[in-house]
Amino acid sequence: MRNVFVTGGAGFIGSHCVISLVKNGYKPIILDNFSNSHQSIIKKLEKITKKKIIYYNVDIRDKKKLKLIFKKHPCYAVIHCAGFKAVGESVENSVCYFENNVGSTLALLECMQKNKIYKIIFSSSATVYDDDKALPLKENGKIGNTKNPYGTSKYIIERILKDLAKSDSRWSIRIARYFNPISNHPTGLIKENPKGALNNLIPYIVKVAQKKISELKIFGKDYNTKDGTGVRDYVHIMDLADGHTAMIKKISHKKGLKIYNFGTGKGWSVLEVVKAFEKQTGISIPYKFTKRRKGDVAISICSPKKALKELNWKAKYDLDHAIIDIKKIL
Ligand code: WQD
């Protein structure tokens, strides 16, 4: 059974990737320093997968510890999810975001090189795209005009990976650009549960539904969209996790660097999400309009055609199904 290291494997994306990897006959090994996740997730993953999950409480910038782990476990490929990801927080702590996100990636690449491991999937983001008008966004679209240190850190790492692939043909590098990952595993045992700052729409809606906050703030209603609120491409986290396994399955077929969008190709406005949530759950979500959030774009929707063509991957679940799964964590 092939070992796949998952950095940040206790986090929202990484933990769901672990489940998909086990389902597809791989053996995930989690590397996580639990700075933005909880160790309790390991037991939940073992319950869901019915397998023992090997994990290391390690900061991947700790090159000595990383070397020992690579020595101990032969590694087929790495899924690199470790990184800070709250856009607002990144504006307040830009240096720490670059040090953590870029610094940890460099330490990981160095250790992989030393151990002759040349297969890596990098967790990137729709935030690297320029907010150009060429919608839906395609993988060859313009990037780099990032609006915040989080997005810039992802863009910098993409540039590093592109140069690495150009300079050393032994590498097989896959860049996964996530649109808006939402929802949770259908058991409700694991979900988006960062230790750090909340940032995204769905976790806020969940907090309102749980009466932990009194109302949702909707950031802006004057965008040039169907109802004036922001439009995004929400993709079920289980679909996204299966997208990683789809890349792992094919990663040995082609050396070099390839980029894939992971989204549904459909856009939902904030108000449409609120209405869908109320309809599926029967819970009213009070809200008030506030001013736009700095750095937000009006619309972000992907073209997922390349992942379908090259990976045979397509999102299976729509927004309503995602909300039905969210109901299990309320
Ligand atoms: C969605 C919409 C907001 C909260 C995210 C992550 C980023 C990346 C891409 C992975 C926008 C509106 C939100 C709230 C609101 N993910 N909103 N009230 O900004 O598209 O980016 O996905 O790499 O890490 O930040 O997602 O969920 O923050 O916002 O009105 O309380 O909801 O304005 O239109 P975003 P989001």
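Rules behind the numbers
Residues numbered from 1 in each chain as written. Predicted model: local features only at pLDDT ≥ 70, side-chain atom pairs only at ≥ 80, totals over all residues. Heavy atoms only, no water. Helix = DSSP H or I, 4+ residues; strand = E, 2+ residues; numbered from the N terminus. Expected span 1.5 Å × (residues − 1). Buried < 20%, exposed > 50% of the residue type's maximum accessible area, 1.4 Å probe, protein only. Contact = heavy atoms within 4.5 Å. Salt bridge = Lys/Arg side-chain N within 4 Å of Asp/Glu carboxyl O. Axes fitted to C-alpha atoms, helices over the stretch in contact; angles between N-to-C directions. Parallel < 35°, antiparallel > 145°, perpendicular 65-115°, else oblique. Left-handed = near helix turned anticlockwise from the far one by under 90°. Nonpolar A, V, L, I, M, F, W, Y, C, P; charged D, E, K, R; others polar.

1. Details of helix H9 (residues 270-281)
Phase 1 of the analysis: Taking 1.5 Å per residue, 12 residues should reach 16 Å; H9 reaches 16 Å between its end C-alpha atoms and fits that length.
Phase 2 of the analysis: All of the buried residues in H9 are Val270, Leu271, Val273, Val274, Ala276, Phe277 and Thr281.
Phase 3 of the analysis: Contact partners of the buried residues in H9: helix H7 (201-209), strand E8 (216-219), strand E10 (234-236), strand E12 (268-269), strand E13 (287-290) and helix H11 (319-326).
Phase 4 of the analysis: Residue Gly282 follows H9 closely and has a positive phi angle near 75 degrees.

2. Some points on the environment of Phe5
Phase 1 of the analysis: Within the fold, Phe5 resides in strand E1 (residues 3-7).
Phase 2 of the analysis: Separated by 17 residues in sequence, Phe5 and Val22 have C-alpha atoms that sit 12 Å apart.
Phase 3 of the analysis: Those residues in contact with Phe5, other than ones at most four positions away along the chain, are Ile29, Leu31, Ile69, Phe70, His73, Pro74, Cys75, Ala77, Val78 and Ile79.

3. Focus on the pattern of salt bridges
Phase 1 of the analysis: On inspection of all chains with the given rule, the structure shows 20 salt bridges.
Phase 2 of the analysis: Note that Arg61 is salt-bridged to Glu99, the shortest N-O span being 2.2 Å. A residue pair is termed long-range when its members are at least 10 positions apart, and Arg61 in the loop between strand E3 (54-57) and helix H3 (63-72) and Glu99 in helix H5 (residues 94-114) qualify at 38 residues.
Phase 3 of the analysis: A residue is classified by how much of its surface remains accessible, and Arg61, at 30% relative accessible area, is partly exposed.
Phase 4 of the analysis: Residue Arg170 is joined to Asp168 by a salt bridge in which the shortest nitrogen-to-oxygen separation is 2.9 Å.
Phase 5 of the analysis: In this structure, a network of salt bridges that share partners links the residues Lys23, Asp239, Asp242 and Lys316.

4. Some words on the packing of helix H1 (residues 12-23) against helix H2 (residues 41-49)
Phase 1 of the analysis: The interhelical angle for the contact between H1 and H2, taken along N-to-C directions, is 25 degrees, at an axis separation of 10 Å. By the angle between their axes, H1 is roughly parallel relative to H2. The handedness of the crossing between H1 and H2 comes out as right-handed. Between H1 and H2, the residues in contact are Ser15, Val18, Ile19 and Val22 and Ile41, Leu45, Ile48 and Thr49, respectively.
Phase 2 of the analysis: Along the lines of polarity and charge, the residues of the contact of H1 with H2 split into six nonpolar, two polar and no charged.

Honestly, it's all geometry; don't read function into it.
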